[in-house]
Amino acid sequence: MNAILPFPNISPEIFSITLFGMEFALRWYALAYIVGILLGWRLVVAAARTPRLWQNEQPVMTPGKIEDLLFWVILGVILGGRLGYVLFYQFNYYLAHPLRVLQLWEGGMSFHGGAIGVILAAFFFTKRYQLNTLSVGDLVALGLAPGLFLGRVANFINAELWGRPTDLPWGVAFPTQAAQYCPDVIGICARHPSQLYEALLEGLVLGLLLIWLVWRRGAFKRPGLVMGVFLAGYGTARFAVEFVRQPDAQFVSEGNPLGLALQFGGYGLTMGQLLCIPMVLVGLFFILRARRAA
């Protein structure tokens, strides 16, 4: 390796306290979720309070109704994220240990599962309150980017979900034993900071694009457009980053060192890439639908 960036000395825990013999800690990952949800909520409320952004200057929801939707979205994220991880990544393990599905504190969440959970939650919410499903979907999509950005930064701080070994100047030497296990590398192993790649592409760039489309291009006046751009944009960004992201351990074997979930000879796709393909296709469908209806 020609150049290595040392991993910053940041503890995953912001602080911890002991009460009644039990230790409670506030972690950066939990704070990222909390702040991400709050920022997304305020962004969505700001859009709902700007009539000129909407068809006939009639926002699809009031700020009060958005607070009701927030509960549904959080529930969708938690249930969908957990069940997605169980079904997509560790099905055999949790089939043998079903009670561990409930142990959320052990980690294990899937973005794609969380996305499905949010979509289902928003769909049932719109049907219950007789709201325009596509417009509500656009509003929800607008508020997701802050959480994505902060969540990936928290992944970096936790030294998890790192990338494959690299000799690029910005390769990071993650401190965990698993990250330093690089059979083809002599000495310290530097890896792609794939968490930061995702934070930049899925969070910052995609979020700014959605804000520009809404406030400058009147995207809310074409129901389904913002949701379509989010799905296609996230799917494309995640698909690209998967090429440098460390494969999921459960898919790695002696004959499959790249951890490909689907192989064609010496080539194939990771599980993350497989899950991104339908996201991109569905996103493109909504984009084309919105443009034709305009």
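Residues numbered from 1 in each chain as written. Predicted model: local features only at pLDDT ≥ 70, side-chain atom pairs only at ≥ 80, totals over all residues. Heavy atoms only, no water.

Description of the pattern of salt bridges
One pass over the structure, following the stated rule, counts six salt bridges. Across the pair Glu-202 and Arg-152 runs a salt bridge whose closest N-O atoms are separated by 3.6 Å. Here Glu-202 is found in helix α7 (residues 194-217), whereas its partner Arg-152 is found in helix α6 (residues 145-157), with 50 residues between them in sequence. Judged by its relative accessible area of 0%, Glu-202 falls in the buried class. The partner of Glu-242 in a salt bridge is Arg-245, with the nearest N and O atoms 3.5 Å apart. Across the pair, exposure class does not vary: Glu-242 and Arg-245 are buried alike. (Salt bridge = Lys/Arg side-chain N within 4 Å of Asp/Glu carboxyl O. Helix = DSSP H or I, 4+ residues; strand = E, 2+ residues; numbered from the N terminus. Buried < 20%, exposed > 50% of the residue type's maximum accessible area, 1.4 Å probe, protein only.)

Let's talk about the side chain of Arg-245
Note on placement: Arg-245 falls in the loop between α8 (225-241) and β5 (262-264). For Arg-245, a relative accessible area of 9% gives the class buried. Reaching out from Arg-245, the side chain makes a polar contact with the side chain of Glu-198 at a distance of 3.2 Å. The residues touching Arg-245, leaving out its near neighbours within four places in the chain, are Arg-152, Leu-161, Trp-162, Gly-163, Arg-164, Ser-194, Glu-198 and Arg-238. (Polar contact = N/O pair within 3.5 Å; in protein donor to acceptor, adjacent residues only side chain to side chain. Contact = heavy atoms within 4.5 Å.)

Examining the UniProt feature "transmembrane region" (unreviewed entry) in the protein
In the numbering adopted here, UniProt assigns the feature "transmembrane region" (unreviewed entry) to residues 28-48, 69-89, 109-126, 138-157, 196-215, 224-244 and 264-288. Counting secondary structure, residues 28-48 comes out at 100% helix and 0% strand; the distance between its end C-alpha atoms is 30 Å. The distance from the first to the last C-alpha atom of residues 224-244 is 31 Å, and the span holds 81% helix and 0% strand. (UniProt positions renumbered as here; feature names shortened; annotations may be inferred.)

Overview of the packing of aromatic side chains
One pass over the structure, following the stated rule, counts 10 aromatic pairs. Ring centres of Phe-7 and Phe-156 lie 5.4 Å apart, and the angle between their planes is 45 degrees; on these two criteria the pair is classed as tilted. Of this pair, Phe-7 sits in the loop between β1 (5-6) and β2 (13-19) while Phe-156 sits in helix α6; the two residues are 149 residues apart in sequence, bridging distant segments of the chain. An angle of 25 degrees between the planes, with centres 6.4 Å apart, marks the rings of Phe-230 and Tyr-234 as stacked. Linking Phe-230 with Tyr-234, this pair stays in helix α8, spanning four residues, or about one helical turn. Summarising the burial analysis for this pair, Phe-230 and Tyr-234 share the class buried. (Phe/Tyr/Trp six-rings, centres within 6.5 Å; stacked < 30°, edge-to-face > 60°.)

Things to note about the packing of α7 against α8
Close contact between α7 and α8 brings their axes to 10 Å; oriented N to C, the two are set at 160 degrees. The angle between α7 and α8 falls in the class roughly antiparallel. Every pair of crossing elements has a handedness; the one defined by α7 and α8 is right-handed. Contact with α7, carried on its side by Ser-194, Tyr-197, Glu-198, Leu-201, Glu-202, Leu-206, Leu-209, Leu-210, Leu-213 and Val-214, involves Val-226, Val-229, Phe-230, Gly-233, Tyr-234, Ala-237, Arg-238 and Val-241 of α8 and no other residues of that element. For the contact of α7 with α8, the class distribution of residues is 13 nonpolar, two polar and three charged. (Axes fitted to C-alpha atoms, helices over the stretch in contact; angles between N-to-C directions. Parallel < 35°, antiparallel > 145°, perpendicular 65-115°, else oblique. Left-handed = near helix turned anticlockwise from the far one by under 90°. Nonpolar A, V, L, I, M, F, W, Y, C, P; charged D, E, K, R; others polar.)

What to know about the UniProt feature "binding site: a 1,2-diacyl-sn-glycero-3-phospho-(1'-sn-glycerol)" (unreviewed entry) in the protein
In the numbering used here, UniProt assigns the "binding site: a 1,2-diacyl-sn-glycero-3-phospho-(1'-sn-glycerol)" (unreviewed entry) feature to Arg-152. Since its relative accessible area comes to 9%, Arg-152 is described here as buried.

Details of helix α2 (residues 63-88)
Here α2 spans 35 Å end to end across 26 residues, near enough to the 38 Å set by a 1.5 Å rise per residue. The set of residues buried in α2 consists of Ile-66, Leu-69, Val-73, Gly-76, Gly-80, Gly-81, Arg-82, Gly-84, Tyr-85 and Val-86. (Expected span 1.5 Å × (residues − 1).)

Section: the state of the cysteines
What the rule picks out here adds up to one disulfide. Between the sulfur of Cys-182 and that of Cys-189 lies a disulfide, 2.0 Å long from S to S. Disulfide Cys-182-Cys-189: the torsion about the S-S bond is -75 degrees, which places it as left-handed. Of the two residues, Cys-182 and Cys-189, neither departs from the other in class, the shared state being buried. (Disulfide = S-S within 2.5 Å.)

Overview of a nonpolar patch on the surface
A cluster of nonpolar side chains, namely Phe-71, Ile-74, Leu-75, Ile-78, Leu-79, Leu-83, Leu-87, Phe-91 and Leu-95, defines an oily patch on the protein surface of about 860 Å² accessible area. Mapped by element, the contributors of at least two residues to the nonpolar patch are α2 and α3 (91-96). For Ile-78, the position within the fold is in helix α2. (Patch = residues over 30% accessible without salt bridge, like charges linked within 9 Å, V, L, I, M, F, W, Y side chains within 5 Å. Areas by Shrake-Rupley, 256 points an atom, 1.4 Å probe, with all protein chains shown as cover.)

A word on the nonpolar core
Membership of the largest hydrophobic core comes to 40 residues, with the highest contact counts inside it found for Met-61, Leu-139 and Phe-220. Contributing elements (two or more residues each) for this core: α1 (28-48), α2, α4 (111-129), α5 (133-142), α7, α8 and α9 (271-293). Looking at which element gives the most residues to this core, the answer is α8, with eight residues. Setting aside residues no more than four positions away along its own chain, Phe-220 makes contact with Ala-47, Leu-53, Trp-54, Asp-138, Leu-139, Leu-142, Val-214 and Val-226. Ranked by size, the runner-up nonpolar core spans eight residues in total, among them Val-86, Tyr-94, Val-101 and Leu-275. (Core = buried A, V, L, I, M, F, W, Y, C linked by side-chain atoms within 4.5 Å.)

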